[in-house]
Amino acid sequence: MYKFHADKWTWYFAAPPGEAPGTPEELMRNAEVIKDVASVKVFRRDGKFFKWEIPDESGWLKRLRYRLVSRSKREYDTLSAVIRQDVAATVPLGYGECGCQSVLVTGELTGYQSVLGFLCGIYEKGENIAPEFLQMWGRFIKKFLATGFYFPDFHCGNLLYNAETQKFALVDLYGVRKVFFDRKRRQKRMIFRQLKDAMPFLADEELAVVLRESGVMDMEAFLEYSVQAVREFLPRRLKYAAGATQLDRPDGKKWKFAQSQQWYLPEAAADKVWHNMLLCRFFGIPHLHLTRMPGGGVLEGEAGYGYAGNARSGYIMQRLAAAGLPPEDFSVVLNQKQMAVAVDRRLIDPE
């Protein structure tokens, strides 16, 4: 490793960086800032990504832990280990340390976007998901799980996809570690984490393809497991969502549907519709995506394209019943891509 000093910071690089780095404050100036919160700042500069970790230093045990091995060094070592297992991931270039703070430097993955963003884009346009993508996605999951690594944050926002090269790559691998016991349970947890945010955008046959290729469990077992996993954290998620009046795409962008619709409901009815929509989202049930407009009971979202027939409604009704949601509160309609989705009946027959 090549070692450099800048003020109180010490930097380590796998190869000479060309230009000696400065402090994170200096590097962040005139950079493209991607995330800027108290605990972490992410920015892009000169074709590199910088993730500046500023952990909570309360308590001597935490301070000792971060000084012994910084968060960025752990992630640098993890990325290197995963790549050695022939699993594609963002390339670690180096890291910097100063007390409890640290910075991870990685290469830029050109042409990639998160799998979640990719799916949202397809859904928004009303297009079908290519079967080849679903198969490759499932095979990548299978390949990663076979390495024996446990990735607690293995969601589809941390898996990138390049539509041109049809390749996947992992990012943000902090906390990843090798496990040598209880692997099956951890694999179930990981595949749930990977699919839970994507499930509202997948028809039943599309979800089945990913599960089959991953080889972890079949559709029936996965849906049963997912309901139990959601219920475990549901009170907390509902609490955090209680004050939300608008929901963007899960990848943070704004929805831009080809056709949208507004509904004007009594405020009490709008509250019930909003609550049911949140439950559908948390349980991963395909549904019409809505947002609540400021003031009163105005809802806006994607338009429905007629009722789904009985044959296509069965899967959605089964999912609602399994989640403990009263099926009588819902209808099943078709969205832009003619996929069966749940919608609160109040939007079909306002009270």
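This report concerns the structure included in the present document. (Residues numbered from 1 in each chain as written. Predicted model: local features only at pLDDT ≥ 70, side-chain atom pairs only at ≥ 80, totals over all residues. Heavy atoms only, no water.)

**A look at the pattern of salt bridges**
Cut-off, in case you're wondering: Note on definitions: salt bridges are taken to be side-chain nitrogens of Lys or Arg within 4 Å of carboxyl oxygens of Asp or Glu. For helices the rule is a DSSP run of H or I covering at least 4 residues; for strands it is a run of E covering at least 2, with both sets numbered from the N terminus onward. The buried label applies to any residue whose accessible area, calculated with a 1.4 Å probe on protein chains only, is under 20% of its type's maximum; exposed applies above 50%, and partly exposed to all values in between.
Under the defined criterion, the tally for this structure stands at 17 salt bridges. Here Lys51 ties to Glu53 by a salt bridge, and the two come within 3.7 Å at their closest N and O atoms. Among the salt bridges present, the one from Arg71 reaches Glu53, with a minimum N-O distance of 3.3 Å. Taken together, the residues Arg71 in helix H3 (residues 71-84) and Glu53 in strand E5 (residues 48-53) connect sequence positions 18 residues apart. Each of the two residues, Arg71 as well as Glu53, counts as buried. When salt bridges that share partners are traced, they join Lys51, Glu53, Arg71, Glu75 and Asp172 into one network.

**Quick look at the layout of surface pockets**
The criterion, for reference: Both site types are read off a 1 Å grid over the protein atoms alone. A 1.4 Å probe that fits but cannot get out defines a cavity, while an open set with protein on both sides within 12 Å along at least five of seven lines defines a pocket; lining residues have an atom within 4 Å of a point. Grid points are joined across faces, edges and corners, and a volume is the space filled by probe spheres set on the points. Gly is placed with the polar residues, together with every amino acid not listed as nonpolar (Ala, Val, Leu, Ile, Met, Phe, Trp, Tyr, Cys and Pro) or charged (Asp, Glu, Lys and Arg).
In this structure, the largest pocket encloses a volume near 1200 Å³. Of all the elements in the fold, those that place two or more residues in the lining of the largest pocket are strand E3 (32-36), strand E4 (40-45), E5, helix H2 (60-68), H3, strand E7 (101-107), strand E8 (113-114) and helix H4 (115-125). Per element, the largest residue contribution to the lining of the largest pocket is 4 residues, and it comes from E5. For the lining of the largest pocket, a count of residues per class yields 15 nonpolar, 10 polar and 13 charged. In this structure, the second largest pocket spans a volume of roughly 290 Å³. Lining the second largest pocket are 14 residues, with Asp197, Arg237, Pro250, Arg281 and Phe282 positioned closest to its centre. Ranked by residues supplied to the lining of the second largest pocket, first place goes to helix H9 (residues 267-283) with 3 residues. Here the residues of the lining of the second largest pocket sort into 9 nonpolar, 1 polar and 4 charged.

**Things to note about empty space enclosed by the protein**
Going through the model one piece at a time under the given rule, you end up with 4 cavities of 30 Å³ or more. Considering only enclosed or pocket space, the largest cavity measures out at about 70 Å³ in volume. Along the walls of the largest cavity sit Val273, Asn276, Met277, Cys280, His287, Leu288, Leu290, Phe330, Ala342, Val343, Asp344 and Leu347, which together make up its complete lining. Taken together, the elements giving at least two residues each to the lining of the largest cavity come down to H9 and strand E17 (340-344). Ranked by residue count, the leading element in the lining of the largest cavity is H9, at 4 residues. For the lining of the largest cavity, the class distribution of residues is 9 nonpolar, 2 polar and 1 charged.

**Observations regarding the sheet that holds strand E15 (residues 298-302)**
As a reminder of what qualifies: Pairing between strands requires that DSSP locate at least two bridges from one strand to the other. A fitted line through C-alpha atoms represents every axis, and for helices the fit uses only the stretch in contact; the resulting angles, taken between N-to-C directions, go from 0 to 180 degrees. Pairs of residues are marked as contacts when any of their non-hydrogen atoms sit within 4.5 Å.
Spatially, E13-E15-E14 is the arrangement adopted by the 3 strands of the open sheet, whose pairing is antiparallel. Edge positions in the open sheet fall to strand E13 (260-264) and strand E14 (290-292), since each of these has one partner strand only. Within this sheet the neighbouring strands show an average axis-to-axis angle of 20°, counted without direction. Strand direction decides the pairing type here: E13 and E15, joined by 5 bridges, are antiparallel. Within the sheet, the bridge partner assigned to Gln261 lies in E15 and is Gly301. Contacting E14 and E15, H9 runs over the sheet at an angle of about 135° to E14.

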